[in-house]
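Descriptive structure summary
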Amino acid sequence: MNVLILGAGQLARMMSLASKPLNIQVRAYDVGANSVVDPLNPEVSYGDLNSGIAFANVITAEFEHITHDVLAQCEASGKLKPSSRAIKTGGDRRLEKALLDKAGADNAKHQIIENKADFDHALQTLALPLILKSALEGYDGKGQWRLKETDQADEIWADIEAFFHGSKSTVKQAVIAEQMVSFEREVSLVGMRDIKGNTKVYPLTENHHTDGVLTVSIALNDNAALQAQAQQMFDSIANTLDYVGVLAIEFFQVGDQLLVNEIAPRVHNSGHWTQQGADTCQFENHMRAVCGLPLGSGELVRPTAMINILGEDSVPNAILDIPSVSLHWYGKTKRAGRKMGHINLSAATNQALFERLEKVAMLLPAQAFSDIQEYAQKLVNKG
Ligand code: AMP
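Residues numbered from 1 in each chain as written. Predicted model: local features only at pLDDT ≥ 70, side-chain atom pairs only at ≥ 80, totals over all residues. Heavy atoms only, no water.

Comments concerning the overall build of the protein
Rules: Secondary structure elements follow DSSP: runs of H or I of four or more residues count as helices, runs of E of two or more count as strands, with numbering from the N terminus. In this treatment the radius of gyration is a C-alpha quantity, and the globule benchmark scales as 2.2 Å times the residue count to the 0.38 power. Categorising residues by exposure relies on relative accessible area from a 1.4 Å probe, with only protein chains included: less than 20% of the type maximum marks a residue as buried, more than 50% marks it as exposed, and the intermediate range marks it as partly exposed. Throughout, a residue-residue contact means that at least one pair of heavy atoms, one from each residue, lies within 4.5 Å. Working definition of accessibility: Shrake-Rupley area with a 1.4 Å probe, residue cover restricted to the visible protein chains. In this tally, Asp and Glu contribute negative charge and Lys and Arg positive charge; neither His nor the terminal groups of the chain are included. A charged residue contributes its charge at one atom only: NZ of Lys, CZ of Arg, CG of Asp or CD of Glu.
Helix and strand content of the protein: 12 helices and 18 strands. In terms of overall dimensions, the protein is globule-like: its C-alpha atoms have a radius of gyration of 21 Å, near the 21 Å expected for 383 residues. Considering only C-alpha atoms, the protein reaches an extent of 55 × 55 × 40 Å along its principal axes. Per-residue burial for the protein yields a buried fraction of 54% across its 383 residues. Taking the contacts inside the protein whose residues are at least 6 apart along the sequence as the reference set, 62% of them involve residues at least 24 apart. Split by element, the accessible area of the protein, about 16300 Å² in all, is 48% carbon and sulfur. Computed over 35 positive and 45 negative side-chain charges, the separation of the two mean positions in the protein equals 5 Å.

Some words on the pattern of salt bridges
Opposite charge on two side chains permits pairing when their charged atoms draw close. As a reminder, the rule being used: Should a side-chain nitrogen of Lys or Arg be within 4 Å of a carboxyl oxygen of Asp or Glu, the pair is scored as a salt bridge.
Evaluation of the coordinates by the stated rule reveals 11 salt bridges. As a salt-bridge pair, R94 and E114 come within 3.4 Å of each other at their nearest N and O atoms. Here the residue R94 occupies a position in helix α5 (residues 93-103), and E114 occupies one in the loop between β6 (110-113) and α6 (116-125), the gap between them amounting to 20 residues. In this structure, the salt-bridge partner of K133 is E178, at a minimum N-O distance of 3.3 Å. Of this pair, K133 sits in strand β7 (residues 130-134) while E178 sits in strand β9 (residues 175-179), placing them 45 residues apart in sequence. In this pair, the class of K133 matches that of E178, namely buried.

Remarks on the domain arrangement of the protein
Note the following rule: As annotated, the domain borders come from an automatic or database domain assignment.
Segmenting the protein into domains produces domain 1 (2-80), domain 2 (109-179) and domain 3 (185-382). Here domain 2 and domain 3 have C-alpha centroids that lie 30 Å from each other.

A look at the sheet that holds strand β8 (residues 144-147)
What counts here: Strands are labelled as partners when DSSP assigns at least two bridges between them. For every element, the axis is a line fit to its C-alpha atoms; helices are fit only across the contacting stretch, and the angle between N-to-C directions ranges from 0 to 180 degrees.
Taken in spatial order, the four strands of this open sheet run β6-β9-β7-β8, and their pairing is antiparallel. For this open sheet the edge positions go to β6 and β8, each flanked by a neighbour on one side alone. Averaged over all pairs of adjacent strands, the angle between strand axes in this sheet comes to 20 degrees, irrespective of strand direction. Where α5 meets the sheet, it contacts β6, β7, β8 and β9, and its direction lies at approximately 50 degrees from that of β9. Along the sheet, helix α7 (residues 153-166) contacts β6, β7, β8 and β9; its crossing angle with β8, the most-contacted strand, is approximately 165 degrees.

What about the layout of surface pockets?
Operational definition: Residues are said to line a cavity or pocket when one of their atoms sits within 4 Å of a point; the points come from a 1 Å grid over protein atoms alone, cavities being sets where a 1.4 Å probe fits but cannot get out and pockets being open sets with protein on both sides within 12 Å along at least five of seven lines. Grid points are joined across faces, edges and corners, and a volume is the space filled by probe spheres set on the points. Lys, Arg, Asp and Glu make up the charged group, whereas Ala, Val, Leu, Ile, Met, Phe, Trp, Tyr, Cys and Pro make up the nonpolar group; the residues left over, Gly among them, are polar.
One number sums up the size of the second largest pocket: a volume of about 370 Å³. Around the second largest pocket sit 14 residues that line it, and E184, E206, H208, Y375 and K378 are the ones nearest its centre. Every element with two or more residues in the lining of the second largest pocket is listed here: β10 (185-193), β12 (205-210) and α12 (372-382). Looking at which element gives the most residues to the lining of the second largest pocket, the answer is α12, with five residues. Taken together, the residues that form the lining of the second largest pocket break down as three nonpolar, three polar and eight charged.

A short note on the site of the ligand
This is how it is decided: Throughout this document, a residue counts as near a molecule or strand when at least one of its heavy atoms sits within 4 Å of that molecule or strand. The term polar contact refers here to a pair of N or O atoms within 3.5 Å; inside protein, the definition further demands a hydrogen-donor-capable atom paired with an acceptor-capable atom, and it admits residues adjacent in sequence only when both atoms are side-chain atoms.
In the vicinity of the ligand, 15 residues are found, and the nearest of them are K133, Q144, E178, V181 and E186. In the environment of the ligand, an oxygen atom lies 3.2 Å from a nitrogen or oxygen atom belonging to the side chain of R146. Take N261: an N or O atom from its side chain is 3.0 Å from an oxygen atom of the ligand. Computed on the free molecule, the ligand has an accessible area of 470 Å², of which 93% lies beneath the protein chains in the complex. In the shell around the ligand, the residues fall into five nonpolar, four polar and six charged. A domain-level breakdown of the shell around the ligand finds at least three residues from each of domain 2 (109-179) and domain 3 (185-382).

Side note on the sheet that holds strand β1 (residues 2-6)
The five strands lie next to each other as β4-β3-β2-β1-β5, forming an open sheet whose pairing is mixed. Edge strands, defined here as strands with exactly one partner in the open sheet, are β4 (41-45) and β5 (58-61). The average angle at which neighbouring strand axes cross in this sheet is 35 degrees, direction not considered. Sheet strands in contact with helix α1 (residues 10-19) are β1, β2 (25-30) and β5, and its direction is about 170 degrees off that of β2.

Topic: the nonpolar core
Nonpolar side chains in soluble globular proteins tend to end up buried together. Heads up, the rule is: Residues grouped as a nonpolar core are buried Ala, Val, Leu, Ile, Met, Phe, Trp, Tyr and Cys residues, joined through side-chain atoms within 4.5 Å.
Residues V3, M15, W273 and F283 are the most contacted members of the largest nonpolar core, which totals 34 residues. With five residues, the top contributor of residues to this core is α1. When neighbours within four sequence positions are excluded, V3 is seen to be in contact with I24, Q25, V26, R27, F55, V58, T60, M287 and C291. With 25 residues, the next largest nonpolar core counts I307, A347, F354 and V360 among its residues.

Here's the deal with the side chain of E250
Within the secondary structure layout, E250 lies in strand β14 (residues 245-254). One buried charged side chain, E250, makes no salt bridge at all; its nearest oppositely charged neighbour is R266, positioned 6.1 Å away. Only 3.0 Å separates the side chain of E250 from the side chain of H268, close enough to count as a polar contact. Setting aside residues no more than four positions away along its own chain, E250 makes contact with V187, S188, L259, V260, N261, E262 and H268.

Structural notes on the packing of α5 against helix α8 (residues 224-240)
When two helices pack together, their arrangement is given by the angle between the helix axes and the distance between those axes. Just so we agree on the cut-off: By definition in this entry, angles of less than 35 degrees are roughly parallel, angles greater than 145 are roughly antiparallel, angles of 65 to 115 are roughly perpendicular, and the rest are oblique. Take the far helix as your reference; a near helix turned counterclockwise from it by less than a right angle gives a left-handed crossing, and one turned clockwise gives a right-handed crossing.
The contact between α5 and α8 brings their axes to 9 Å, and the two run at 115 degrees. The orientation of α5 relative to α8 falls into the category roughly perpendicular. The hand of the α5/α8 crossing is right-handed. Residues L99, L100, K102 and A103 of α5 lie in contact with α8, whose contacting residues are S236, I237 and T240. Residue classes in the contact of α5 with α8 are distributed as four nonpolar, two polar and one charged.

Structure below.
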């Protein structure tokens, strides 16, 4: 089986690594360079998109911000999984909100803004504070504004207008105004749906962000009611999209209720822990799903956490001296804030995992992993 992945970053790399034992051959399309490469060795080039489509039995994606002409060309080949509709929905918050409404998945009160009249209307109908998010091209908190007081409105609108004018997108820009949710924590559910419509999910993970970017994910499996609620929303969203592959849903937890923040039609950073903590990792399960193979179990094998390595190309080797710690580098050139790799760590119990997380955090350079020590300490004390 040959698979072409749209996108040639770390997610394509990890899908390729997980595919080797299944004898699935993977090539990745570097969208910016219009070049098909080996995701494990990007210097090896196999030509342009047409040659990639000819090579592939199946085409899939590692990110959602893919130009519509590339998606159309892949879909026309009959090989694209998930569908271009699903990929576009993940890359456009307007389509995403419409999907959530259709699937009956609760989310923050919101309004779509395409012009000044919409903006004024949102200010009248939604309660402050608001978070305004660009419909396209936004990720990890980029392309976002926070409006706390009405006297910020003029300045923020001027900024949004400039953002619209500066957009290179061929699709009409918009901003979604969303009421700020006062949440206890952010969690996510990664799951998969196969070609026949069967679904499986991993346990919910608790996600810790630093400056809007995910830094730690922990799979705990300690709240059956919350897990059931998340799974029900997963099934509803995945079925509405007739989805095939791994799909991630990010939630805000408010009391015992989950509100969807956003979806990602692909393997997800908050699912990297599955490489060491689940029977079958998300990367293998995505490949199984799109290749028409049965899904592997999403059961938690042991409590597991992940720490993102951002902007650093080395970490102290001493972390590997700690049992059940593994290191995954992406082979990228160092750049400030760039996702360079991650650390997975497991333990027999949740408390032992928190203590291990604290131990690893204490070995990491404090300036690069600023608040992870503090977060780990809080988990240890909370128990
Ligand atoms: P997003 O790009 O939508 O994931 O937003 C980035 C971050 O902003 C999230 O991880 C949240 O911490 C925060 N955020 C986004 N939407 C809301 C909201 N409606 N209420 C409160 N915080 C939010």
